[in-house]
Amino acid sequence: MFSQLSDRLQGIFKDLRGHGRISEQNVSDAMREVRMALLEADVHFDVAKRFIARVREKSLGQEVLLSVTPGQQIVKIFHEELIGLLGGDAAPLNLTKPGRILMTGLHGAGKTTSAAKLAHWLKRQGRAPLLVACDLQRPAAIDQLATLGAQIGVPVFRPAPGETDVVRVGRQSLAWAEEQRGNVVIYDTAGRLEIDETLIAELKGLRDCVQPGEVLLVCDAATGQQAVSVAEHFHGALGVTGLVLTKLDGDARGGAALSMREVTQRPIKFAGVGERIEQFEPFHPDRLAGRILGMGDVVSLVEKAAEAIDEEEALRMERKLRTATFDLEDFLSQMKMMRRLGPLENLLGMLPGLGNLKGFSASEGEKKMRRVEAIILSMTGKERRTPDLLNARRRQRIARGSGTSVAEVNTLLQQFGQMRKMMKSAGKMKKMMAQARGAGMSGLP
């Protein structure tokens, strides 16, 4: 997410921080480079121009240029302006009764998947969401929504086969929603490869019929410069209340996020950060600004950990680690727990200074984790609980079953053995220290 922009900006500001004193020329040179970095990240030209003008004006103040740490002050100004550009504070959904949400956007932007992801997110917040299939252009979209709804346990309203009137579907869904007793209704609508009057008229009719509290524009983060035109047209016709950015995990540039917010003056409310149904999260401008500038996002990491990690399981694992009874079954469980936090690349981006770690490939790290998982899954339950059973013949079988080599199996077992020895040593040392304190050695910590 924003990896190219992040790399460029961190390099520019590292150079700026290196100057003991900063002149107007230093600021102008840095801002020129920043503007080029924004344009290369697909930020719209006008948006980049206005943003740089604001940062430059504030950076040239005497209190900044004559301060003890002028470079740091300029980074602080840039950070604050970037938060403003992304929308300031996180904007919550308007779920005031009757709680209706209209999902709009071009074909291929990810509306259907985003509708299901939003329903899943709302369900986890304690709401009772419902989904309505209003894409009458693509029967496959209706089937897709029904499949996703079944997967997350959310009721889906399907129009009658051959139905062509989206307003009639909207009216029918209102009566159906009353029967279902849901408190949030999400409408998945049709899209086109490009904006046309037929699409806009259809969406206006549906909007007037169901009167949603939210009209969310779903846009692919890789749309680039076209994002501004799309946002302007949809907002002008429908009165968009918020934005949903999809595929942020796959787009290295992501300038659409900066451009669309500035053009519509509507908040980015959610971001899709992966293919899985749970990889959908509220958009926090301050957190993303920190990640772009390499400051990390520890708050989001802690929130993810709280959601993914079972407290009882964590305590059980802590006891096993402390008593050195940790086995390969536990190791596999730990890996699965970590995978629930999301892709390794995203996790690194949340740790200050590690988002652009040089010499480390997050994708290579993911591959290694998958190979380790395959090796352990190729073992029997008894072998996982008692690794000492793994003789040469068993290791050959495991290598064949996991599609790896015997050398990789040996390496894993060797590293695991070293880890257990360290745990045992730590346990013995702790015991010795406790005995020493009990014997009256008060000088020990």
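The preceding data block contains the structure.
Source: prediction; values computed, not measured.

What to know about the overall build of the chain
Then, number 1: Looking only at helices and strands, one finds 20 helices and 8 strands in the chain.
Then, number 2: Sorting the 445 residues of the chain into buried and exposed places 47% on the buried side.
Then, number 3: Across the chain, the fraction of contacts at a sequence separation of at least 24, relative to all contacts at a separation of at least 6, is 73%.
Then, number 4: By element, 52% of the accessible surface of the chain is carried by carbon and sulfur atoms, the whole surface being about 22200 Å².

Observations regarding the pattern of salt bridges
Then, number 1: All chains considered together, the criterion is met by 18 salt bridges.
Then, number 2: A salt bridge links Asp135 to Arg138; the nearest nitrogen and oxygen atoms lie 3.6 Å apart.
Then, number 3: The buried category is assigned to Asp135, whose relative accessible area is 5%.
Then, number 4: Taking the shortest distance from any N to any O, the salt bridge between Arg168 and Glu163 comes out at 2.8 Å.
Then, number 5: Glu163 sits in the buried class, given a relative accessible area of 14%.
Then, number 6: Salt bridges linked by common partners bring Arg50, Arg54, Lys58, Glu81 and Glu262 together as one network.

Focus on the side chain of Asp135
Then, number 1: Along the polypeptide, Asp135 turns up in the loop between strand E2 (129-134) and helix H7 (139-152).
Then, number 2: Within the structure, Asp135 has its side chain in polar contact with the backbone nitrogen of Gln137 (distance 3.2 Å).
Then, number 3: Engagement of the side chain of Asp135 in a polar contact is seen with the backbone nitrogen of Arg138, the distance being 3.3 Å.
Then, number 4: What Asp135 contacts, discounting residues up to four positions off in sequence, is Ala141, Ile142, Asp188, Thr189 and Ala190.

Looking at the side chain of Arg261
Then, number 1: Along the chain, Arg261 falls in helix H11 (residues 255-264).
Then, number 2: Buried charge Arg261 goes without a salt bridge, the closest partner of opposite sign being Glu262 at 5.6 Å.
Then, number 3: If we skip the residues at most four places from it in the chain, Arg261 touches Gly84, Leu85, Leu86, Gly87, Leu243, Arg266, Pro267 and Ile268.

A closer look at the sheet that holds strand E5 (residues 214-220)
Then, number 1: If you walk across this open sheet you meet the 8 strands as E3-E2-E4-E1-E5-E6-E7-E8, and the pairing is mixed. At either margin of the open sheet sits one strand with a lone partner, and together these are strand E3 (156-157) and strand E8 (280-282).
Then, number 2: The sheet strands contacting H7 are E2, E3 and strand E4 (184-189), and the helix crosses E2 at an angle near 165 degrees.

Let's talk about unusual backbone geometry
Then, number 1: With an omega of 15 degrees, the peptide bond running from Lys97 to Pro98 counts as cis.
Then, number 2: Relative to the helices and strands, Pro98 is located in the loop between helix H5 (70-86) and strand E1 (100-104).
Then, number 3: Within the chain, Arg181 stands out as a residue other than glycine whose phi angle is a positive 60 degrees.
Then, number 4: Along the chain, Arg181 falls in the loop between helix H8 (166-180) and E4.
Then, number 5: Its identity is not glycine, yet Gln211 carries a phi of approximately 45 degrees, on the positive side.
Then, number 6: Among the residues examined, Gln211 registers a relative accessible area of 59% and is labelled exposed.

Brief notes about the pairing of E4
Then, number 1: The buried fraction of E4 amounts to 6 of the 6 residues, a majority that puts the element mostly inside the structure.
Then, number 2: Burial of the side chains of E4 extends over both faces: Val184, Ile186 and Asp188 are buried on one face and Val185, Tyr187 and Thr189 on the other.
Then, number 3: Bridging between E1 and E4 involves 4 bridges; their strand directions are parallel. What sits directly across from Ile101, in E4, is Ile186.
Then, number 4: Bridge count for E2 against E4 is 6 bridges, and the pairing is parallel.

Side note on H8
Then, number 1: Helix length check: H8 (15 residues) gives 20 Å between terminal C-alpha atoms against 21 Å at 1.5 Å per residue, within 8%.
Then, number 2: Of the positions making up H8, those classed as buried are Val166, Val169, Gly170, Ser173, Trp176 and Ala177.
Then, number 3: In the core, the buried residues of H8 are packed alongside E2, E3, E4 and helix H9 (197-210).
Then, number 4: Between the side-chain oxygen of the N-cap and the backbone nitrogen of Val167 there are 3.0 Å, and the N-cap of H8 in question is Asp165.
Then, number 5: Of the residues one or two after H8, Arg181 is the one with positive phi, at around 60 degrees.

Reading the values: rules and limits
- Residues numbered from 1 in each chain as written.
- Predicted model: local features only at pLDDT ≥ 70, side-chain atom pairs only at ≥ 80, totals over all residues.
- Heavy atoms only, no water.
- Helix = DSSP H or I, 4+ residues; strand = E, 2+ residues; numbered from the N terminus.
- Buried < 20%, exposed > 50% of the residue type's maximum accessible area, 1.4 Å probe, protein only.
- Contact = heavy atoms within 4.5 Å.
- Areas by Shrake-Rupley, 256 points an atom, 1.4 Å probe, with all protein chains shown as cover.
- Salt bridge = Lys/Arg side-chain N within 4 Å of Asp/Glu carboxyl O.
- Polar contact = N/O pair within 3.5 Å; in protein donor to acceptor, adjacent residues only side chain to side chain.
- Lys, Arg positive; Asp, Glu negative; His and termini not counted.
- Pairing = 2+ DSSP bridges.
- Axes fitted to C-alpha atoms, helices over the stretch in contact; angles between N-to-C directions.
- Expected span 1.5 Å × (residues − 1).

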